[in-house]
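Structural description and commentary
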Amino acid sequence: MHTNRLEKLRHQMMETGTPALLITNLKNIYYLTGFWGSAGTVLITADRQVLITDDRYITYAQSVVKDFEVVSERDELAVVAKVLKDSHISELAFEDEVSVAYYQAMQTVFEGMHLVPTSNLVMNLRMMKDETEIATIQRACQISDQAFLDALDFIKPGKTELEVANFLDFRMREMGSEAVSFDTIAASGYRSAMPHGRASEKVIEAGDALTLDFGCIYDHYVSDMTRTIYIGSVSDEEAEIYQTVLAANQALIAAAKAGMEYREFDGVPRRVIEAAGYGPYFTHGIGHGMGLDVHEIPYFSKTATDKIQAGMVLTDEPGIYLEGKYGVRIEDDLLITEDGCKILTLAPKELTVI
Ligand SMILES: [Mn+2]
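Since the structure is predicted, the reported quantities are computational estimates derived from the model, not experimental observations.

Structural notes on the coordination of the manganese ion
Bound to the manganese ion are the protein donor atoms Asp224 (OD), His288 (NE2), Glu317 (OE) and Glu331 (OE), situated 2.1 to 2.4 Å from the metal. Spacing between the donor residues of the manganese ion along their common chain follows D-x63-H-x28-E-x13-E. Taken together, the residues span a long stretch of sequence, with glutamate 317 in the loop between β15 (313-316) and β16 (319-322) and glutamate 331 in the loop between β17 (326-329) and β18 (332-337) at a distance of 14 residues. You can call glutamate 317 buried: its relative accessible area is 8%. Residue glutamate 331 is classed as buried on the basis of its relative accessible area of 0%.

Here's the deal with the layout of surface pockets
Taken as a whole, the largest pocket spans an internal volume of roughly 230 Å³. Contributing to the lining of the largest pocket are 16 residues, with His196, Asp213, His288, His295 and Glu317 lying nearest its centre. Its residues assigned to classes, the lining of the largest pocket shows 3 nonpolar, 6 polar and 7 charged.

Topic: the UniProt feature "domain: Peptidase M24" (unreviewed entry) in the chain
In this structure's numbering, the residues bearing the UniProt feature "domain: Peptidase M24" (unreviewed entry) are residues 136-338. Within residues 136-338, the helical portion is 33% and the strand portion 23%, while the C-alpha atoms at the span's ends are 20 Å from each other.

Thoughts on the UniProt feature "domain: Creatinase N-terminal" (unreviewed entry) in the chain
Residues annotated by UniProt as "domain: Creatinase N-terminal" (unreviewed entry) correspond here to residues 5-127. Here residues 5-127 runs as 43% helix and 23% strand, with 12 Å between its end C-alpha atoms.

Some points on unusual backbone geometry
A negative phi angle characterises most non-glycine residues, just as the trans form characterises most peptide bonds. Along the chain, isoleucine 297 connects to proline 298 via a cis peptide bond; the corresponding omega equals 5°. With respect to the helices, strands and loops of the structure, proline 298 is situated in strand β14 (residues 296-299). Although it is not a glycine, aspartate 67 adopts a positive phi angle of roughly 70°. With respect to the secondary-structure elements, aspartate 67 resides in the loop between α3 (58-64) and β4 (69-72). For aspartate 67, a relative accessible area of 48% gives the class partly exposed. A positive phi angle, near 80°, is found at histidine 220, a position not held by glycine. With respect to the helices, strands and loops of the structure, histidine 220 is situated in the loop between β10 (216-218) and β11 (221-222).

Here's the deal with the domain arrangement of the chain
As assigned here, the chain comprises domain 1 (2-126) and domain 2 (131-343). With centres defined by C-alpha atoms, the gap from domain 1 to domain 2 works out at 35 Å. With 9 residues of domain 1 in contact, the opposing surface of domain 2 contributes 8 residues. Taken together, both faces of the contact between domain 1 and domain 2 bury some 830 Å²; the carbon and sulfur share is 55%. Summed over the three residues of domain 1 that lose the most area to domain 2, namely Lys27, Tyr30 and Arg126, the buried surface amounts to 49% of that side. The tally of links between domain 1 and domain 2 comes to 4 salt bridges. One salt bridge connects lysine 27 with aspartate 293, and the closest N-O pair in it is separated by 2.8 Å. Our count for the contact surface shared by domain 1 and domain 2 stands at 3 residue pairs in polar contact (both at pLDDT 80 or more). Elements supplying a minimum of two residues to the side of domain 1 that touches domain 2: α2 (26-33) and α6 (121-126). Taken together, the residues that form the side of domain 1 that touches domain 2 break down as 4 nonpolar, 2 polar and 3 charged.

So, the sheet that holds strand β2 (residues 41-45)
The 6 strands are arranged β4-β3-β2-β1-β5-β6 in an open sheet whose pairing can be described as mixed. The open sheet terminates on both sides in strands that have one partner only, identified here as β4 and β6 (114-118). Taking the axes of each pair of neighbouring strands and ignoring which way they run, one obtains an average angle of 20° across the sheet. Examined bridge by bridge, strand β5 (residues 91-95) and β6 share 5 bridges and lie parallel to one another. From the neighbouring strand, glutamate 91 faces β6, where its bridge partner is histidine 114. In the packing of helix α1 (residues 2-15) onto the sheet, contacts are made with β1 (20-23), β2 and β3 (49-53), and the angle to β2 comes to roughly 60°. On the sheet, helix α4 (residues 76-86) packs against β1, β2, β3, β4 and β5 and is oriented at approximately 10° with respect to β2.

About the cut-offs
- Residues numbered from 1 in each chain as written.
- Predicted model: local features only at pLDDT ≥ 70, side-chain atom pairs only at ≥ 80, totals over all residues.
- Heavy atoms only, no water.
- Donors = N, O, S within 2.8 Å, 3.2 Å for Na, K, Ca; no water.
- Helix = DSSP H or I, 4+ residues; strand = E, 2+ residues; numbered from the N terminus.
- Buried < 20%, exposed > 50% of the residue type's maximum accessible area, 1.4 Å probe, protein only.
- 1 Å grid on protein atoms, 1.4 Å probe; cavity = no way out; pocket = protein on both sides within 12 Å on 5 of 7 lines; lining within 4 Å.
- Points joined across faces, edges and corners; volume = space filled by probe spheres on them.
- Nonpolar A, V, L, I, M, F, W, Y, C, P; charged D, E, K, R; others polar.
- UniProt positions renumbered as here; feature names shortened; annotations may be inferred.
- Domains from an automatic or database assignment.
- Contact = heavy atoms within 4.5 Å.
- Buried area = accessible area lost by both parts, 1.4 Å probe.
- Salt bridge = Lys/Arg side-chain N within 4 Å of Asp/Glu carboxyl O.
- Polar contact = N/O pair within 3.5 Å; in protein donor to acceptor, adjacent residues only side chain to side chain.
- Pairing = 2+ DSSP bridges.
- Axes fitted to C-alpha atoms, helices over the stretch in contact; angles between N-to-C directions.

Put into structure tokens, the structure is as follows:
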């Protein structure tokens, strides 16, 4: 599996005329090597691939990493410089997300070499998930689905948003997740109108809408889902915006398939909300890619004509936010296939009053 990824990356390097690539993004390193740690650097040339870590990780690295030279050395750039010198390479591509301090260190160590910033060489491979990745993401989604179902029994007027968030986080941990994929959002009443209202000490009251946006990390891969529910009762206007957001979410599920342009992926659900008169209140993009990161390429815009591809896992998260009153968001994770999509988050979406 990892060998295949390395081959694809080398192919991309050849096509872009990249003789050597320095990889410092730890998730990209995990993707290529299977090594997960806080200290790692990878160098790839036409005929060598080297993972540099330190003594804390060396035994583990040697046991999990196949097909790479594994070196323990705290001064990783010195190792890179030696490999490049031995191979007579004078141009080094690096990931453009490195810090200014790291770049300055590179300028010193690689003096006289041509340093070329690159973006997304590995991320472009990560966009399309293989079967193992899909199964892992699916498990992360099952865990969040179950945590949501359990939370429906836990949530009562009088509990705070933080108590609900903690319940979700704890349940996901109990079911085998290693962490949450981001700080759990639990936004009730007027706070539900804030798209990213992190859980607060606000007490949940009868008559509140409650938006829960959360996910977990399972074997390094994430889930990301949102459900909005109502406590005790729901007003006519709230029910109307709920059904509008649900219709937008479902319109995208019905339309999404490989070959759809990015602008359509955003446009199909957005037009449903615009037709209902709530266009100005859908204030964010429709979704994003997810995998090892909870937000990763692709991102969508109203003009992008790139096409979504089979194997992408994308979120479908339309929302309507009426400031000072309440908001609704519904989010699913979708696996794109050749002729449609598969919904990975299966928790119920019909309007729920508890
Ligand atoms: Mn999301």
